[in-house]
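# Survey of secondary and tertiary structure
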Amino acid sequence: MDKHSKRSASIFRYPVLIAFTLFFAGLFVLDLVTPDRAYSELENTTLSQRPSLSSVSADGLNKFFTAYTKYVKDQVVGRDNWVALQSTVETKVMQKEQSGGILLGKQQMMFPRTYGLVSSETRTLPKNTAALEALCQRYPGKVNVMLVPAASAIYPENVPAGAPLLDEDSYLDSLSDAVQAAGGRFVDVRQTLTAHKDEYIYYRTDHHWTSAGAYYAYKLLCDTLGLTPFDPSAHTVLTADGFYGTHYSKARTPDAEPDTITYYDLPNELTIYSVSGPGQPADGETTGLYDTAKLDVYDKYAMFLHGNNGLSRIKGDGTGRVLVIKDSYANCFVPYLTANYADIDVVDFRNYNYGLDKLIADNDYDQLLVLYSFDSFKSDPYLYRAGVAG
Amino acid sequence: MVFSTIIFLLRFLPITLALYYLAPPKLKNTVLFLCSLVFYCWGEVRFFPVMLALILINYLCGLGLERFEQNKTARLILLLIALAGSLGMLFYFKYANFVLSSINAIFGTGFAPIQGISVLPLGISFYTFQTLSYTIDVYRRDVETEHNIIDFGAYVVMFPQLIAGPIVKYRDVSDRLHVYKGRYELKQIEDGMTLFTFGLAKKVLLADAIGALWTDIIGVADSPSVSFVGLANASTPLVWLGVIAYSLQLYFDFSGYSLMGIGMGKMLGFDFPQNFNYPYISASITEFWRRWHMTLSGWFREYVYIPLGGNRKGLKRQIFNLFVVELLTGIWHGANWNFICWGLYYFVLLALEKLFLLPYLKKGRVWPHIYTLFLVVVGWAMFVGNDAGVEFGLLFRKLFIPSGGVMPLYFLRNYGVLLAVSVVCCTPLIEKLWKLLSRNVITKALTILVLLTVSMAYVVGSTNSPFLYFNF
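Residues numbered from 1 in each chain as written. Chains lettered and ligands numbered in written order. Predicted model: local features only at pLDDT ≥ 70, side-chain atom pairs only at ≥ 80, totals over all residues.

### What to know about the overall build of chain B
Of the regular secondary structure elements, chain B holds 19 helices and zero strands. Viewed in the frame of its principal axes, chain B has a C-alpha envelope of about 70 × 60 × 50 Å. Counting the 472 residues in chain B, one finds 46% classified as buried. (Helix = DSSP H or I, 4+ residues; strand = E, 2+ residues; numbered from the N terminus. Buried ≥ 20, exposed ≤ 12 C-beta atoms within 10 Å, placed from the backbone.)

Structure representation (C-alpha cells):
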C-alpha cells in the first residue's frame, strides 16, 4: 500500500470526527461571516445587535453575558431556515398536528393553541367585562357590542380531533347577557358567520377574519340598526395574494396555503390624529383608507386603516356620526361603514388614553360600536379605559 | 450556560475545543480551567467567589493532610474543615431557606428567608460532591494529594460535568489529568463526538419535545402567556399520559445531558463513568437504582452506605443504612418535602425487595417490568409534585381516583410517533440500530450529520426549555 492510500484509509477510520468537526467548524465560520440583520419580518421583532461590555463589574459582566447570549441566538446563521426545518420534522416525521403553538387543522386552517384562560386573562376578562358594562350604562341605548369568535368556534370540525380548545361559546353567552343587562346591544355574529362558513370568512394562516367575514357581520349590524348596507357590487374589488399571517409565522409549516386579502376601492379620506389631550384634537394627517405599501411587506393585514392608530376619523358618504372602539378585527370592517355615516371615528385603546367621555361629548355620536375579537377581548390590557369615566 | 443552546454550540464549544487542542501540552489544564470558569460564570458572575473558595479550601486541606501525615488529630480537623466547607456551601445555598421556612411552619416562628440565594450557583450539587470525594479519598489515603492548583481547579470546575454530572470522583480522572502529552487519541475523540451527538439528540429531539405533553397539562412556569389544560380539568387517563411523558422527559433530559458531558470528556481526553444504563428496562426497583444516575448512587454507596457498615452488620443495620442513603438521595434532589417523600418511598420499596420480594421478582418475566415501571412513574409523580402548576394532593387524586375531564385522544394523536420513538429509545434496541449503521463509514457519518442538523434546528427553532436538573 502506498503512502497516499494509507493516509486516506486512516482518515476514513474516523468518519464521525470528520463530520462533527466540519459541521461545527463550518457553522461557526458561517455564523461569524454572515452579516447581522436588524429586523426579522417572520418573527415580527427587532433583533439584538452585538453588545459591548460596559464595565468590568459583576453587574456589567452579567448584563454583557445575557446580551451576548441573546445576540448570538437572534443572529444565528440561517435562523429562519432552522425554524422551518424544525417545523418540517415536527409535522412530516413526527406527524404532529401542531407546530409552534398552532394547531394544524383540516382545509389548511390554522388555529391558535388556546387551551384555557392564562392567569393574566383571568384578571383582564372580568375587568374588560366590567368596563364594557360601565360604558353601556353611561350611554344607554347607544352602545353596540360585537365580539367576534375565533375561527375554531365557527369551524369546530376543522380543528384536530379532540383538541381541548377553550369553549368561547359559554363566555360569549354570558357576555351577551351582561351587555344587555347594562343597557347595551349585543350583536351576536355567531349564527351569521356559521351560516356563511362555506365561504372564505376567516384567513387560514392569520388570526383575523377576512373582509367577507367582516361584511356579513356588518350586514347584521345594519339589520339591527335599520341601516341600508354597503353595496359591494357597486364598487371595485381589489385583491392581494400571498398573504402569510401571524399563525403561519408561528407554525412555519412548509405546505401552508397563503391567504388572499380583499378590499374595496373606496375614495374616502382617513385622518389619523396626533392625540395629546382629551377631546377632538386638531392636528391630523389625512390619507386614504388603505396603506397599500403594506401589501409589499410581510404583515399585509396592516394595510387596513393604516394599522392600529389611537384616534382616526373617516369621512363617510352617509349621515350622522359613529364611534368605533376596536381591536384590529375592525380594520377591515370599518370601510363598510362609509356607506352609512358622515363621520366614522375610530379609537384603539392600545394607542389612546385621553378621556373617552370628552371625545363623545364633543362629537355627539349617534351610535357607539365596540368591536373586538373574543380572543383579544379576554386579554386586552387597555380596554379597561372604556370603563373609566371622564 | 446550557449545552443545548446556540451560545454553547456555536461559540463556547468550538472556541474551547480549538484552544484546548492548539494549546501546548503543559497549558492544556490551564485552558480547561479558564474556559470552564467562563462557562461557570456565564449565568451569574457573582457566584465566582463560591467556586474559588471551594477550590481553595479543598486544595489547602489536601496539602495539609499530606503535611500532617502522622498527626491523626490534625488530619481529622482538616477533613472536618473541608467537609464543613463543601457541605456548608451546599447547605447554605440549597437548604437554608427550606429549613428556615420549615421551622417557621412547625414552630410558628418568623425567621426571614435569606435574600439573594433564590438561584443556586450553577451545578453546586455536583461539584460539592466532587470536592468531597477528593478530600475524603486523600484522608483515607486512597489517592495522592494534588499539588498543582490549576490541575485541581480544572478538575473541580471542568465544564462537561459541571452542571449535571456524571459525578466524577477525583481518583477517576487524576491519572489523565497529569498526562499532558498525548492525553487524547483520535479514536477517543471520535467516540466522544458520537456520544455528544446522541446526548444532544436525546435532550432536544426527545426530552424537550415529549416534555411539551406534560406542560400542555400543567403549563410552563416561566411563560405565563402559554395556555394549558390545567391539572384540574384533565381526566385521569390524560394525567397518566402526562406523568408518563414527564418520566420519559426526565430520563432523556438527564441521561442526554450526562451523555453530552461524557462525550465532551472524551473529546478532552477523559473517561468519565457511565451514568445511565437503560433504567426503564429494569425488572426491580433494586435494579432500577443500579441503572439510574449511577454515579450518584455509587457516591452514596462509597461515602455513606459502606462507611456505615453496608450489609456487613446484620439485616437491621443494613435496612437502617438503606434508610439513611435513600433519605439523603431524596434531599439531594431538592430542598422540599416532596423530594424527601420520594426518597423515603424508594427506601420502603428497596427494603421490601430486600426483605422478601426479590426472589419472586427474579422468577417473573413480564410482571416485574410492569411492577417496576408503574412504581417508578408513581415516584416521578411525587418528584414533580411540587412544581409550579402541580398540586401534590390534586395530582395523586387525579391519578388514583378516576375522574373525567379533557381526554387524551388529541394528545395521543399529536405525540403518538414521538411517544413510540421515545419508548424504543429507552431500550438497547437503539444501540443495536447504531451498531448496524456504524458498520458502514457513509451511513455512520450521515447518521451523525442528520442528528446534528435536526438537533440544531430544534435548538434554534424552539424557545429553549431550560434544563430540568438545574435546581438540584
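Next comes the rest of the write-up.
### Side note on the overall build of chain A
Helices and strands together make up the secondary structure of chain A, namely 12 helices and 15 strands. Each principal axis of the C-alpha distribution contributes one length, and for chain A these read about 95 × 55 × 40 Å. By the burial criterion, 41% of the 390 residues in chain A qualify as buried. Contacts spanning at least 24 positions in sequence make up 67% of the contacts within chain A whose residues lie at least 6 apart. (Contact = placed C-beta atoms within 7 Å.)

### Observations regarding the domain arrangement of chain B
Residues and elements named next belong to chain B. By domain assignment, chain B separates into domain 1 (6-183) and domain 2 (188-283 + 364-471). A C-alpha centroid distance of 29 Å is found between domain 1 and domain 2. Contacts between domain 1 and domain 2 engage 17 residues on the former and 19 residues on the latter. At the level of elements, α1 (6-22), α7 (159-162) and α8 (170-177) are the ones that each hand at least two residues to the side of domain 1 that touches domain 2. (Domains from an automatic or database assignment.)

### Description of the nonpolar core
As a rule of thumb, soluble globular proteins bury nonpolar side chains together. Within the largest apolar cluster, 236 residues are counted, with the highest numbers of intra-cluster contacts made by A:M146, A:V324, A:F333, A:V370, B:L162 and B:I210. Element by element, the count of residues in this core is highest for helix α10 (residues 236-268) of chain B, at 19 residues. Excluding its chain neighbours within four sequence positions, the residues that come into contact with A:M146 are A:V187, A:V189, A:A217, A:L221, A:L369, A:V370 and A:L371. (Core = buried A, V, L, I, M, F, W, Y, C linked by C-beta atoms within 7 Å.)

### A look at the sheet that holds strand β3 (residues 98-99) of chain A
Residue and element names in this part refer to chain A. As summarised here, the arrangement of the three strands in space is β3-β4-β5, forming an open sheet in which the pairing is antiparallel. With one partner strand each, in any of the chains shown, β3 and β5 (110-112) form the two edges of the open sheet. Relative to β5, strand β4 (residues 102-104) runs antiparallel, the two sharing three bridges. Its bridge partner lying in β5, L104 is registered against M110. (Pairing = 2+ DSSP bridges.)

### So, the packing of α1(B) against helix α2 (residues 28-41) of chain B
A pair of packed helices can be characterised by two numbers: the angle between their axes and the separation between those axes. Residues and elements named next belong to chain B. Relative to each other, α1 and α2 sit at 165°, their axes nearing to 9 Å. Classified by the angle their axes make, α1 and α2 are roughly antiparallel. In the crossing of α1 with α2, the sense of the turn from one axis to the other is right-handed. Of the residues in α2, those in contact with F12, T16, L19 and Y20 of α1 are K28, V31, L32, C35 and F39. A breakdown of the residues in the contact of α1 with α2 according to their chemical character gives seven nonpolar, one polar and one charged. (Axes fitted to C-alpha atoms, helices over the stretch in contact; angles between N-to-C directions. Parallel < 35°, antiparallel > 145°, perpendicular 65-115°, else oblique. Left-handed = near helix turned anticlockwise from the far one by under 90°. Nonpolar A, V, L, I, M, F, W, Y, C, P; charged D, E, K, R; others polar.)

### Overview of unusual backbone geometry
Residue and element names in this part refer to chain A. Even without being a glycine, Q108 presents a positive backbone phi close to 65°. With respect to the helices, strands and loops of the structure, Q108 is situated in the loop between β4 and β5. Positive phi, normally seen in glycine, also occurs at H306, with a value near 60°. Structurally, H306 can be placed in the loop between β11 (284-288) and β12 (311-315). Looking at H306, the number of C-beta atoms within 10 Å reads 19, which means it is partly exposed.

### Some words on the interface of chain A and chain B
In this assembly, 46 residues from chain A lie in contact with 44 residues from chain B. Split by residue class, the side of chain A that touches chain B holds 29 nonpolar, 11 polar and six charged.

### Describing the sheet that holds strand β14 (residues 343-347) of chain A
Hydrogen bonding along the main chain pairs the strands of a sheet, whether they run parallel or antiparallel. Residues and elements named next belong to chain A. The mixed open sheet is built from eight strands, whose spatial order is β7-β6-β15-β13-β14-β12-β10-β11. Strand pairing shows two members of the sheet lacking a second neighbour, β7 (185-186) and β11, which therefore form its edges. Pairing analysis gives six bridges linking strand β6 (residues 143-148) to strand β15 (residues 367-373), with the strands arranged parallel. Paired with N144 across the bridge in β15 is L369.

### What to know about the domain arrangement of chain A
Residues and elements named next belong to chain A. Here the domain parsing of chain A yields domain 1 (16-77) and domain 2 (106-387). The centre of domain 1, based on its C-alpha atoms, is set 39 Å off from the matching centre of domain 2. On the domain 2 side, the residues contacting the four residues of domain 1 number four residues. The residue makeup of the side of domain 1 that touches domain 2, split by class, is one nonpolar, one polar and two charged.

### Quick notes on the packing of helix α3 (residues 58-74) of chain A against α1(B)
Across the interface, α3(A) lies against α1(B) with an axial gap of 9 Å and an inter-helix angle of 100°. Between α3(A) and α1(B), the angle falls in the class roughly perpendicular. Along its contact with α3(A), which presents A:T69, A:V72 and A:K73, the element α1(B) presents B:I6, B:I7, B:L10 and B:R11. Class assignment for the residues of the contact of α3(A) with α1(B) results in four nonpolar, one polar and two charged.

### Concerning helix α19 (residues 441-461) of chain B
Spanning 21 residues, α19(B) covers 30 Å between terminal C-alpha atoms, matching the ideal 30 Å at 1.5 Å per step. Among the residues making up α19(B), those that are buried are B:A445, B:T447, B:I448, B:L452, B:V454, B:S455, B:M456, B:A457, B:Y458, B:V459, B:V460 and B:G461. (Expected span 1.5 Å × (residues − 1).)

### Considering the confidence of the model for chain A
Residues and elements named next belong to chain A. Residue-level pLDDT values for chain A average 90, and 97% of them are 70 or greater. Confidence scores differ between elements of chain A, with helix α1 (residues 3-11) showing the lowest mean pLDDT of 54 and helix α8 (residues 190-195) the highest of 96. The model gives residues 1-5 a pLDDT under 50, and that stretch makes one contact with residues more than four places away or in other chains. (pLDDT = per-residue confidence, 0-100.)

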